[in-house]
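The chain contents come next:
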Amino acid sequence: LDIQEGLQTLCVMQWIPVFIILGAIPIILIPCFLVITEFWALAVLALAWLAYDWNTHGRGGRRIASIRNWTLWKYFRNYFPIKLVKTQDLSPEHNYIIANHPHGVVSYGAFINFATEATGFAQISPSITPFVATLERVFWIPLVDYLMSMGVCQVSKLALEYTLTQQDSGIAVIIMVGGATEAILCRPGASTILLKQRKGFVKLALETGAYLVPSYTFGENEVYNQETFPEGTWIRFFQKIKKILGLNFCTIHGRGFTQGSWGFLPFNRPIATVAQVRLDGQRMRARLELEQRERLKERGGPRHSQYVAPVRGGRQGIMPYSKQPNAFQILSLLLWLLSYLAIFCILQPLFISLLFTPLWPLPALYLVWLFLDWKTPEQGGRRSAWVRNWYVWTHIRDYFPIMILKTEDLSPEHNYIMGVHPHGLLTFGAFCNFCTEATGFSKTFPGITPHLATLSWFFKIPLIRDCLMAKGVCSVSQPAINYLLSHGTGNLVGIVVGGVKEALHSVPNTSTLILQKRKGFVRTALQHGAHLVPTFTFGETEAFDQVLFHEGSRMYKFQAFFRRIFGFYFCVFYGQGFHQGSIGILPYSRPIVTVVGEPLPLPQIEKPSEEMVDKYHALYMDALIKLFDKHKTQYGCSDRQKLLFM
């Protein structure tokens, strides 16, 4: 080997071991520092930084131009060599999803072309910022800063959506569509790619309006020889078990340190990534709306076929109807549902018992604080942007998934009362859309501060009241709503008009609303001159099946009795279990979409007459019917389904 070949070989050799070493060092040293040595403070600082910085890789990362321009990447490039071929300009006025094929064993071409500047991506596509998407679990390892510095991001839906929406244009996300499974199909002379059932990237382009750019890396499959095993053999079964590490076990070999020898170095064979024509995601989305009426069955199909054609070589679309959520999503949902029960049944008794211990000053101080803070829920509350942006809410959002659809802008120069329909059993849509930032409310409606109104007695319970106020939840009492609508503009109060009684009518495939005699929200809007905003949450009643009881039955009387004591009804319901197809207490993983309608302006009348209230109540119901009829077929309802008012 001459000097140049030696440097090229060393640069290729260091690549994967560096990641292994950087991952192993903190995993080994941090526990040792905590337990064995006197440097425990360093370990604590490292863990504190890791916790603080945990979400950075899902929010654009922290790229460093100097690392992307290291000279060693040029030696890496020249080892094969690797080059990038452009067939069409990428305008910086748009965002792009570059779908790269094939995966290969290690994806050398995608790494050098898009994660470094060795092949001059910045010169070939000026003003375009590339992000290479890789396995999410890689970022669980400390010292992932090395990855982020090269512009590598996680391949999760949340991270990709954030990356494609953080800027209006100039972003390119590179996705290995075939994933790790495609690696076991990689061998010289093969051109098999996993694409037929991989439609998630098309869905992402439709949702974000990004352009799709097919690319093919010639030579990626030529750098290693791989032993292939027939289906049904034990080694083939072992190769497909990727749940632990997230990748397949490949039996590969290449060249050794000297030319002609065998080893684990890749062969010196040219690799060229060719980017093809681009497909306009915004036009794709517009045409898709015209081509498909039953979107919940086969979304993304026609556009996916348009993508496959230039590349030449399930069921997934814009919103899959039913899916099995992952463990994080299930755990996050259970934590949310059980946290209030745990506070009430565990922390409250513990809190009271502390009064009879030497620690009695702690609960005593809180009780004093509670007395001084008693009226805060009726005076705007005490919202926390930090709590509303907790990462756990995104897992709850993705469990179903939940999304918000804006039909008209809301001006921050006015105040609003939003009618939330239907109540459902647990009001998942309203909570996720208006009490958290998981669906990006502040970006969808800039300058608007949302408050979701709920039962007043919740704010009389210690600790629970603080949790609710932190999310922007307010009391549904008249003084609380009056305060919000009379202190500044840009306030939006969401009222679930049907209330807890509507929960008894929450069954799948129904759209029954208790609204006919609910006119108090209209009177309040008239008194403050607030605009009325109709909303309908499609899929809210699909989250659970409920057992209904006839009026007059003992169970119905018990439900009414329970309502008089606790303020809500005892509903008998069931959903799915922890496994697909099983029955349990988890809600069904079905899409929930809150459609926010056009605001209805109201005059300000200090003492509105009944005729005036009836007039605007009728206008509100008409607006709600139009909103429902316009979007019902789009989100799973039949053409013949109508809103029923009680």
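The preceding data block contains the structure.
Residues numbered from 1 in each chain as written. Predicted model: local features only at pLDDT ≥ 70, side-chain atom pairs only at ≥ 80, totals over all residues. Heavy atoms only, no water.

A. Seen up close, the sheet that holds strand β7 (residues 225-226). If you trace the 3 strands from one edge of the open sheet to the other, you get β7-β8-β9, paired in antiparallel fashion. Strands with a single pairing partner mark the edges of an open sheet, and in this sheet they are β7 and β9 (262-263). Strand direction decides the pairing type here: β7 and strand β8 (residues 252-255), joined by 2 bridges, are antiparallel. Looking at β8, one finds that Gln226 is bridged to Ile252. (Pairing = 2+ DSSP bridges. Helix = DSSP H or I, 4+ residues; strand = E, 2+ residues; numbered from the N terminus.)

B. Region of interest: the nonpolar core. Counting 47 residues, the largest nonpolar core has Trp336 and Phe428 as the members making the most contacts within it. Those elements that provide at least two residues to this core are α13 (327-353), α16 (392-399), β11 (402-406), β12 (416-421), α17 (428-434), α19 (464-470), β15 (491-496) and β21 (592-596). Here this core takes 6 residues from α13, the largest share from any one element. Other than its neighbours up to four places away in sequence, Phe428 contacts Leu333, Trp336, Leu337, Phe400, Ile402, Glu540, Ala543, Phe544, Pro587 and Ile592. Judged by nonpolar contacts, the second largest core, of 42 residues, contains Val12, Ile112, Phe121 and Phe139. (Core = buried A, V, L, I, M, F, W, Y, C linked by side-chain atoms within 4.5 Å. Buried < 20%, exposed > 50% of the residue type's maximum accessible area, 1.4 Å probe, protein only. Contact = heavy atoms within 4.5 Å.)

C. The arrangement of the environment of Arg382 in detail. Its place among the elements puts Arg382 in the loop between α14 (361-372) and α15 (385-388). Residue Arg382 is classed as partly exposed on the basis of its relative accessible area, which comes to 33%. Here the alpha-carbon distance between Arg382 and Gly472, two residues 90 residues apart in the chain, equals 7.1 Å. Once residues lying within four places of it in the same chain are set aside, the contact partners of Arg382 are Trp369, Asp373, Thr376, Asp466, Met469 and Ala470. In terms of polar contacts, Arg382 uses its side chain to reach the side chain of Asp373, at 3.0 Å. Among the polar contacts listed, one links the side chain of Arg382 to the side chain of Asp466, at a separation of 3.0 Å. (Polar contact = N/O pair within 3.5 Å; in protein donor to acceptor, adjacent residues only side chain to side chain.)

D. Structural context of the sheet that holds strand β19 (residues 572-576). Strand order in this open sheet of 3 strands is β18-β19-β20, and the pairing throughout is antiparallel. Of all the strands in the sheet, just β18 (545-547) and β20 (583-584) have a single pairing partner and so form its edges. Two strands pair when backbone bridges link them, and β19 and β20 are joined in this way by 2 bridges, in the antiparallel orientation. In the strand pairing of β20, Gln576 is matched with Ile583.

E. Quick look at unusual backbone geometry. In this model, His101 is joined to Pro102 through a cis peptide bond whose omega is -15°. Along the chain, the position of Pro102 falls in the loop between β2 (96-101) and α5 (108-114). With an omega of 5°, the peptide bond running from Phe400 to Pro401 counts as cis. Residue placement: Pro401 occurs in the loop between α16 and β11. Look at Ser107: it is not a glycine, yet its phi comes out positive at around 60°. In this fold, Ser107 is placed in the loop between β2 and α5. Notably, Ser127 is not glycine yet its phi reads approximately 70°, a positive angle.

F. Inspection of the environment of Tyr146 at higher detail. Tracing the sequence through the fold places Tyr146 in helix α7 (residues 145-149). Under the relative-accessibility criterion, Tyr146 is labelled buried at 13%. Distance from Tyr146 to Arg63, taken between C-alpha atoms, is 8.9 Å for residues 83 residues apart in sequence. Tyr146 has contacts with Gln14, Val18, Phe19, Leu22, Ile67, Trp70 and Trp73, leaving out every residue within four places of it along the chain.

G. Just the packing of helix α1 (residues 3-35) against helix α4 (residues 72-79), in detail. Two numbers describe how α1 lies on α4: the axes approach to 8 Å, and their chain directions differ by 105°. In terms of axis orientation, α1 runs roughly perpendicular to α4. Packed against α1, whose contacting residues are Gln4, Leu7, Gln8, Thr9, Cys11, Val12, Gln14 and Trp15, the element α4 presents Leu72, Trp73, Tyr75, Phe76, Asn78 and Tyr79 at the interface. The residue makeup of the contact of α1 with α4, split by class, is 9 nonpolar, 5 polar and no charged. (Axes fitted to C-alpha atoms, helices over the stretch in contact; angles between N-to-C directions. Parallel < 35°, antiparallel > 145°, perpendicular 65-115°, else oblique. Nonpolar A, V, L, I, M, F, W, Y, C, P; charged D, E, K, R; others polar.)

H. Structural detail: the side chain of Thr376. Summarising the element assignment, Thr376 is placed in the loop between α14 and α15. Using a relative accessible area of 15% as the deciding quantity, one classes Thr376 as buried. Excluding residues that lie within four positions of it along the chain, Thr376 makes contacts with Gly381, Arg382 and Met469.

I. Highlighting a nonpolar patch on the surface. Taken together, the side chains of Ile21, Ile25, Ile27, Ile28, Leu29 and Ile141 present a nonpolar region at the surface, about 510 Å² in accessible area. Take Ile141: it is sitting in the loop between β3 (129-134) and α7. Looking at Ile141, the relative accessible area reads 33%, which means it is partly exposed. (Patch = residues over 30% accessible without salt bridge, like charges linked within 9 Å, V, L, I, M, F, W, Y side chains within 5 Å. Areas by Shrake-Rupley, 256 points an atom, 1.4 Å probe, with all protein chains shown as cover. Salt bridge = Lys/Arg side-chain N within 4 Å of Asp/Glu carboxyl O.)

None of the figures reported here should be taken as evidence of function without further support.
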